[in-house]
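Chain by chain, the residues:
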Amino acid sequence: MIPQTPCPERIEINEVGPRDGLQIEKRFVPTPDKIRWINALSQTGLARIEATSFTSPKAIPNLADASEVVNGIKRRDGVEITVLVPNLKGAERALACQVDELNLVMSASDSHGLANLRMTPEQSIERFGDILDVARENSVFVNASLSTTFGCPFEGEVPQKRVLELIEQLVALGIQGVTLCDTTGMANPAQVKALCEAVIARWPGTAFTLHVHNTRGMGLANALAAWQAGITRFDSALGGLGGCPFAPGATGNVCTEDLVHMFEAMGVDTGVDLDALLEVAATLPELVGHDVPGQVIKAGKWDRRYPMPSR
Ligand code: COA
Ligand code: ZN
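No experiment lies behind these values; they were computed from the predicted model shown.

Draft legend 1. Structural context of the overall build of the chain. Counting its regular elements, the chain contains 13 helices and 8 strands. Relative to a compact globule of 311 residues, whose C-alpha radius of gyration would be 19 Å, the chain shows 18 Å and is just as compact. By its C-alpha atoms, the chain is 70 × 40 × 35 Å across when sized along the principal axes. As displayed, the chain has an accessible area near 13200 Å², and 52% of this comes from carbon and sulfur atoms. Computing the positive centroid from 27 side-chain charges and the negative centroid from 37, the chain places the two 4 Å apart.

Okay, here's the thing in structure tokens:
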């Protein structure tokens, strides 16, 4: 784990496009296209790829091919394959495909938990015990993603105290990593910095990840605030795809190539080959059938120069 100290020199990117990105798309992306995309992503230096989710195919029809996708991709040393899992059934399906990590999903607010998973936070945590048992038998890393950590589209503010109580329970269960998710882009940089500083100070042995959506244009600012607090692990989606289908008003994640571009321009090592990543990003509009919000792909990198106009 990269040390969680303020303004770390190195960070890791977890690409969630194949999961968070595709779950909300109108169109089902054919399985071979998903596999080709993930294989291309795994050659760009990303630390981790969230390849799919093992959820109910009725809830998330776009990812009903989860097993075929994970079994079909080429595994590469140094690139961990993680998947989102809401319950024991999902964990068992995922472990049968030899994933490297389970990313258990729950909500920090009751109403989003019920809308998304039909479970309150307490009900989710109660079920995580059985999942941890099977995960331990298979020696996989177990992370928990806490949706609506920075605000809930139904309830509004989620008190920091409530978030800390839930993380306390997750750590006590034996969860190794916790992702703080801003599901509908409600977070602001001051709030992100305060929470990240608090969790790193209280649980130095837990791997914390920031997962932000750019719904209100604060995605990169929030990522920067988390980095200043010492966060070294970031979720992002290529092209800025993404969104939770059960959170009204949800839009895309912070865009991976824009995030990598920002950190690399600042001299922070992301491990990612930005040119290679931009080549994969250029294939996205065809893959999903529409334009995507990424900005660097359109503007070019910061050092792009134009010829002087001739008179
Ligand atoms: N994988 C595949 N099928 C699953 C499943 C899983 N992980 N979990 C449940 N199912 C199936 C059950 O087998 C059952 O099938 P049947 O109707 O053919 O008998 C059906 O789904 C209902 O099962 P139940 O346990 O009653 O689940 P539910 O209807 O209460 O739904 C969840 C709960 C968590 C499974 C569902 O809400 C879900 O998958 N949500 C995911 C939400 C999500 O990914 N949101 C975006 C990410 S934040
Ligand atoms: Zn998300």
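Draft legend 2. Focus on the site of ligand 1. Ligand 1 sits among 20 residues. The nearest are Ser56, Lys58, Asn87, Arg93 and Asn116. At a separation of 2.8 Å, an oxygen atom of ligand 1 approaches a polar side-chain atom of Lys58. Here Gly90 contributes a backbone N or O atom positioned 3.2 Å from a nitrogen atom of ligand 1. Considered on its own, ligand 1 offers 930 Å² of accessible surface; in the complex 68% of this is hidden by protein. Those elements giving two or more residues to the shell around ligand 1 turn out to be α1 (17-23), α4 (88-95) and α5 (110-117).

Draft legend 3. Region of the structure containing the pairing of strand β8 (residues 233-236). Along β8, one buried face is formed by Arg233 and Asp235 and the opposite face, lined by Phe234 and Ser236, is buried too. In this structure, strand β1 (residues 12-15) lies alongside β8, joined through 4 bridges in parallel fashion. Residue pairing in the sheet places Glu12 in a bridge with Arg233 of β8. Regarding topology, helix α9 (residues 219-229) serves as the crossover connection from strand β7 (residues 207-212) to the parallel β8, and that connection is right-handed.

Draft legend 4. A look at the sheet that holds strand β3 (residues 80-85). Strand order in this closed barrel of 8 strands is β1-β2-β3-β4-β5-β6-β7-β8, and the pairing throughout is parallel. Recorded for the sheet is a direction-independent mean angle of 25° between the axes of neighbouring strands. Of the pairings in the sheet, the one linking strand β6 (residues 177-182) to β7 comprises 6 bridges and is parallel in character. Looking at the pairing, Gly177 lines up with Ala207 of β7. On top of the sheet, helix α8 (residues 189-202) reaches β6 and β7; it is set at about 165° to β7, its chief contact.

Draft legend 5. Expanded view of the environment of Arg202. Structurally, Arg202 can be placed in helix α8. Considering only alpha carbons, one finds Arg202 and Phe128, 74 residues apart in sequence, at a separation of 22 Å. With residues up to four places along the chain from it excluded, the contact list for Arg202 reads Leu164 and Glu168.

Draft legend 6. Molecular detail of the coordination of the zinc ion (ligand 2). Around the zinc ion (ligand 2), the protein contributes the donor atoms Asp20 (OD), His211 (NE2) and His213 (NE2), which lie 2.0 to 2.2 Å from the metal centre. Summarised as a motif, the one-chain spacing of the donors to the zinc ion (ligand 2) is D-x190-H-x1-H. Of the two residues, Asp20 is situated in helix α1 and His213 in the loop between β7 and α9; the sequence distance between them amounts to 193 residues. Classification of Asp20 by relative accessible area gives buried; the value is 3%.

About the criteria used
Residues numbered from 1 in each chain as written. Chains lettered and ligands numbered in written order. Predicted model: local features only at pLDDT ≥ 70, side-chain atom pairs only at ≥ 80, totals over all residues. Heavy atoms only, no water. Helix = DSSP H or I, 4+ residues; strand = E, 2+ residues; numbered from the N terminus. Rg over C-alpha atoms; globule rule 2.2 N^0.38 Å. Areas by Shrake-Rupley, 256 points an atom, 1.4 Å probe, with all protein chains shown as cover. Lys, Arg positive; Asp, Glu negative; His and termini not counted. Charge placed at Lys NZ, Arg CZ, Asp CG, Glu CD. Near = heavy atom within 4 Å. Polar contact = N/O pair within 3.5 Å; in protein donor to acceptor, adjacent residues only side chain to side chain. Buried < 20%, exposed > 50% of the residue type's maximum accessible area, 1.4 Å probe, protein only. Pairing = 2+ DSSP bridges. Right-handed = clockwise from strand over helix to strand, strands pointing away. Axes fitted to C-alpha atoms, helices over the stretch in contact; angles between N-to-C directions. Contact = heavy atoms within 4.5 Å. Donors = N, O, S within 2.8 Å, 3.2 Å for Na, K, Ca; no water.

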